[in-house]
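Structural overview for review
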Amino acid sequence: MRKFFLLKGILFMSCFVAAQKKPLDHTVYDGWQTIGERAISNDGRFVVYSINPQEGDGTLIIQASDNSYKKEIARGYSASISEDSRYIVFRIKPYFKDVRDARIKKKSPDQSPKDSLGIIAFGKDSVLKIPRVKSYKLPEKGSGWLAYHLDKSLPEIKPVLQPDSLTRLNNLLRMADSLVAIADSLRHTAGEAKAKGLSILQPAKKEVKSAKISDDEEGTDLVVRNLASGEEKKYKLVSDYYFNKKGNVLIIETSHKNSDSLSAAAVLWLNIASKKLDTVMKKFNDAKNYALDEEGTQLAFIAERDSVTKAIRKFYKLWYYKPGMDSAQLKADRTTAGIVKGLTISPDFNNNFSKDGKKLYFGLSPIRQPKDTSLIDFETARLDIWHYNDDYLQPQQLVQLSAELKRSYLAVINEAGNKVVPLADEDCEKVMLSSEGNGLYALGRSTKGYRVQQQWEQAGIEKLYAVNIQDGSRKLIKDKVRSSESISPTGKFILWYDWKQKNWFTYNTATSAIVNITTSIKQPLFDEEDDHPDDPPPHGSMGWQESDKYVYVYDKYDIWKCDPTGVEAPVNFTAGNGRKNSWTYRYVLADHESKFITDTQSITLTVFDNISKKNGLCTYNMALRKPVGIPFLFPLNYTAFIKARNSSTLMFSAESYDRPADIYTGEIKHFSNSSKTGGTDSAVSVKLSAINPQQNNYNWLTAQLMHWKMFDGKTSEGILYKPENFDSTKKYPVILYFYERDADNLFDYINPQPVRASINIPYFVSNGYLVFDPNIYYKTGQPGEDAYNSVVSAAKWLEKFKWIDSTKMAIQGHSWGGYQVAYLVTRTNMFAAAEAGAPVANMTSAYGGIRWGTGISRQFQYEHSQTRLGTSLWQKPEVFIKNSPLFRADKVNTPLLMMHNDADGAVPWYQGIEYFTALRRLGKKVWMMQYNGEDHGLLERRNRKDWSTRLGQFFDHFLKGAPAAEWIREGVPAVLKGVDWGLETGERKVF
């Protein structure tokens, strides 16, 4: 009995504590933290990661992977770990408040606060800080050296104090006041002169122009530092610099000195070990795209040396250098044999050597017609010409204009000679190399001939070619392939998925044989739950085994090991455990430098339970061929895996709906079935971070997977979010938020933050709402009714619970969710309020529109993609009308809030206007928020905070009976724009 009362008392106290927790409010957002950048040392002993508030100063954390050491760096970011795992180098931001003040005071970039550089030895406490550093570089695969580039130095002011310094200071202040008065007078005189068509500044302008030497920015100091000894060497007037991968060579580009007309830009070769500095090239207008081979024995770059520096056309040339040469030698220009007339050396391609250094890859670009600078701008026509034969619509051409002007076609120079071998051209615009450039064959791809139909299909149809690197010859492998192709690591095979035949195929580059390698697999390798009116997509591939021995592909649940030659039958790598238990196995690419799966490594797999939504980790030892076995599953999500290069230590994040995504480390071998400790709170892993401790002070949420029968008799699932202090004896208002299917995200952590578009679930739940997110399932031609079947059936099901206030239910969604909200309020009056963000109201007008963000036509998404109509407008106009909320606007009785911004590039802004004006005419309660210059979702934080506040006010008024804010009650007239935001709930003041 005593134990019973003790337990009862504990439960009472815990409920009391939960009840005392504060609800979230809009002031908490800025300080809410997330993990940003992250890295692990090659030996696995140390990790580095950043903890960033949503607004303000972040912190860089340097920590031992066993938690035995920790160092915090205020405002640290952009960290790199040295190859030998001994040092970490990072940048340090100025204080957030100082940057903000500089923006308020409109300080110039030179006068604004600058970054510092920080260097620390792992395990040590002291930090070396170097001010005004604009960049730094560490060798990718070499250790011991660091190069950092200093920003412009501010002029030093050294006041000399004299006995009469106070008098002199007063005189200087009086002189400054006089100068200000003179400046004001000059501005006034200039204004009068300008009004009369004169300019008192004209002579001064001429003088400045004639005295100007160059528009180019002068270089600044570069420092090369030995990390162990601290020895430093400074190089002047540096404009750019590059290490080779192993860090034994540093290329330094210097600028001319503005005050010295005889000085010239130069490219220098620094041998790190000997400190010998050689001149590669002098006297050029521009040099860039430096490529060093991995061993640091050769350099290639492009340079433009035209004596006419203001030439309209600039022709770059490819240069080559290796130690021992007097200077760089010309390797290729537009006249070199092999380069087709009309092409030249591309200034926009990142040149590179093959891994073995025997091939030099560079780009060729079309010679463009120069603009006629003699034409007067205000006398020439400005227009876009749309033509039916254009590959791409004009808006898409304009969006892609910058990329098109920088288009480069891959070419190569082999070690055997200086002949240029073009590998790509307008008929095969993309080429994917194999074996890090060493391979004999490459994969060529082209969309030419299939670009127009992307207007209504957007399927990415391509032709596939096998391209010979030696002579540039190409062979057509397959026509009309949807983009899912790749080339094997060594280049022996080209792999693709055939969407029609629903199988994976390989092409043998040596024998030209094409083989269906998955024909004997009886399980579907495509998404069998895909409900778009199109061929279903594949589940994808896991990657290749060493030496191209096997390729691994996915079905929904399991992994299949396939012989690329088709000789061996496919083997279920996960032994069918996935489909048997409704688990989905997926490979973790933790080592992002890995090109293939080796025969000796242990690979990590994630395991997702499709029923419970829990997750787990398990391993497979490729050498011992130990089975994957039965994983341990936890109510967590695992993400952001990074493996140490030289150890089995893994760095990752784990989260759940009630715990933020924190950093953990563990040994991969521990994620096995030999122990039942499991989970991230056990011995298999070490928790390193603990962000957002303030969450414990607030009424947080719980998440529960729910199932119900829809109107069509099928079972659906969704997530019900309840407050931590949920009381089943109370009645709660409910907001149904939805998009398509979110139930698999049951264990996602949701940050409280000012939202871009949709409701912030933690905020509303913490403030006494329930939020339900139902899955939606579609059939072709009826997306509106499918939303009704899923969402309204969920709402009707929720009404049965005694803790639901069925008179205070609302719906909210954005974009596709916004369309569904706009449709649902024409079909039911059961909701007390609704918010539709960027909704399509009229599919007949939206169908022919443009997605301005990409410039592509919207037709494809109505016929084959998200809208799922499966037809064109002229084939079945009734389908478009039936699914358009606009044509049923007279049926709306639900108070409707919309947000549709005037720079929306995804859903045309006029869609919101069409719906708003129709509802307004019909006398319906409707509001529309139009954030100026904002796109599909809000980007500016000030606008996101405003929208979050208004969403709260809107639902609080209609679901909780809170007083209506001014903008709800009266709106905000244009004369008060920027003066009164209408957020107050009292009567508007009259002045």
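Residues numbered from 1 in each chain as written. Predicted model: local features only at pLDDT ≥ 70, side-chain atom pairs only at ≥ 80, totals over all residues. Heavy atoms only, no water.

Observations concerning the nonpolar core
- Counting 55 residues, the largest nonpolar core has Leu736, Phe772, Ile811 and Tyr915 as the members making the most contacts within it.
- Broken down by element, the residue count for this core peaks at 8 residues, all from helix α9 (residues 783–798).
- With residues up to four places along the chain from it excluded, the contact list for Ile811 reads Leu736, Phe738, Val791, Val821, Leu824, Val825, Phe831, Ala833, Ala834, Glu835 and Phe955. (Core = buried A, V, L, I, M, F, W, Y, C linked by side-chain atoms within 4.5 Å. Buried < 20%, exposed > 50% of the residue type's maximum accessible area, 1.4 Å probe, protein only. Helix = DSSP H or I, 4+ residues; strand = E, 2+ residues; numbered from the N terminus. Contact = heavy atoms within 4.5 Å.)

Section: the pattern of salt bridges
- Going through the model one piece at a time under the given rule, you end up with 48 salt bridges.
- Among the salt bridges present, the one from Asp425 reaches Arg474, with a minimum N-O distance of 3.2 Å. Pair noted here: Asp425 is in the loop between β24 (420–422) and β25 (430–432) and Arg474 is in strand β28 (residues 474–482), with a separation of 49 residues, a long-range link.
- Overall, the relative accessible area of 28% leaves Asp425 in the partly exposed class.
- Between Lys556 and Glu529 there is a salt bridge, with the nearest N and O atoms lying 2.5 Å from each other. Here Glu529 lies in the loop between β32 (514–516) and β33 (541–544) and Lys556 lies in the loop between β34 (551–554) and β35 (559–562), a separation of 27 residues in the sequence.
- For Lys556, a relative accessible area of 13% translates into the label buried.
- Residue Glu529 is classed as partly exposed on the basis of its relative accessible area, which comes to 42%.
- It is possible to trace a salt-bridge network through shared partners that takes in Glu529, Asp531, Lys556, Glu740, Arg741 and Arg868. (Salt bridge = Lys/Arg side-chain N within 4 Å of Asp/Glu carboxyl O.)

Here we look at the sheet that holds strand β1 (residues 33–40)
- Read across the sheet, 4 strands follow the order β1-β2-β3-β4 without closing on themselves; strand pairing throughout is antiparallel. With one partner strand each, in any of the chains shown, β1 and β4 (70–74) form the two edges of the open sheet. With strand direction ignored, the average angle separating the axes of adjacent strands in the sheet is 20°.
- Here strand β3 (residues 59–64) pairs with β4 via 5 bridges, running antiparallel. For Thr59, the partnering residue across the bridge sits in β4 and is Ala74. (Pairing = 2+ DSSP bridges. Axes fitted to C-alpha atoms, helices over the stretch in contact; angles between N-to-C directions.)

Description of the pairing of strand β10 (residues 145–150)
- Among the 6 residues of β10, 6 are classified as buried, and the element is accordingly described as predominantly covered.
- Here strand β9 (residues 133–137) pairs with β10 via 4 bridges, running antiparallel. Paired with Lys137 across the bridge in β10 is Ala147.
- Of the strand pairs in this sheet, β10 and strand β11 (residues 220–226) are connected by 5 bridges, and their pairing is antiparallel. Note on β11: the bridge partner recorded for Ala147 is Val224.

Considering the pairing of strand β54 (residues 926–929)
- Pairing between strand β53 (residues 896–899) and β54: 4 bridges, direction parallel. Bridge pairing in β54 places Met899 opposite Met929.
- Considered for its hand, the β-α-β crossover made up of β53, helix α14 (residues 909–921) and β54 is right-handed. (Right-handed = clockwise from strand over helix to strand, strands pointing away.)

Concerning a nonpolar patch on the surface
- Among the surface-exposed residues, Leu398, Leu401 and Leu405 lie close enough to one another that they form a single nonpolar patch of about 270 Å² accessible area.
- Inspection of the secondary structure assignment puts Leu398 in helix α5 (residues 394–399). (Patch = residues over 30% accessible without salt bridge, like charges linked within 9 Å, V, L, I, M, F, W, Y side chains within 5 Å. Areas by Shrake-Rupley, 256 points an atom, 1.4 Å probe, with all protein chains shown as cover.)

A few points about the packing of aromatic side chains
- Applying the stated criterion across every chain yields a total of 40 aromatic pairs.
- Arranged with centres 5.2 Å apart and planes meeting at 85°, the rings of Tyr763 and Phe764 form a pair that is edge-to-face.
- Since its relative accessible area comes to 9%, Tyr763 is described here as buried.
- According to the relative accessible area criterion, Phe764 is buried, its value standing at 1%.
- Cluster of aromatic residues (ring-pair linked, three or more members): Trp708, Phe726, Tyr732, Phe772, Trp797, Phe801 and Trp803. (Phe/Tyr/Trp six-rings, centres within 6.5 Å; stacked < 30°, edge-to-face > 60°.)

Section: the environment of Ala757
- The residue Ala757 is located in the loop between β47 (732–737) and α8 (761–766) in this model.
- With a relative accessible area of 9%, Ala757 lands in the buried category.
- Linking Ala757 and His936, residues 179 residues apart in sequence, is a C-alpha distance of 8.4 Å.
- Not counting the four nearest positions on each side in its chain, Ala757 is found in contact with Gln812, His814, Met899, Trp947 and Leu951.

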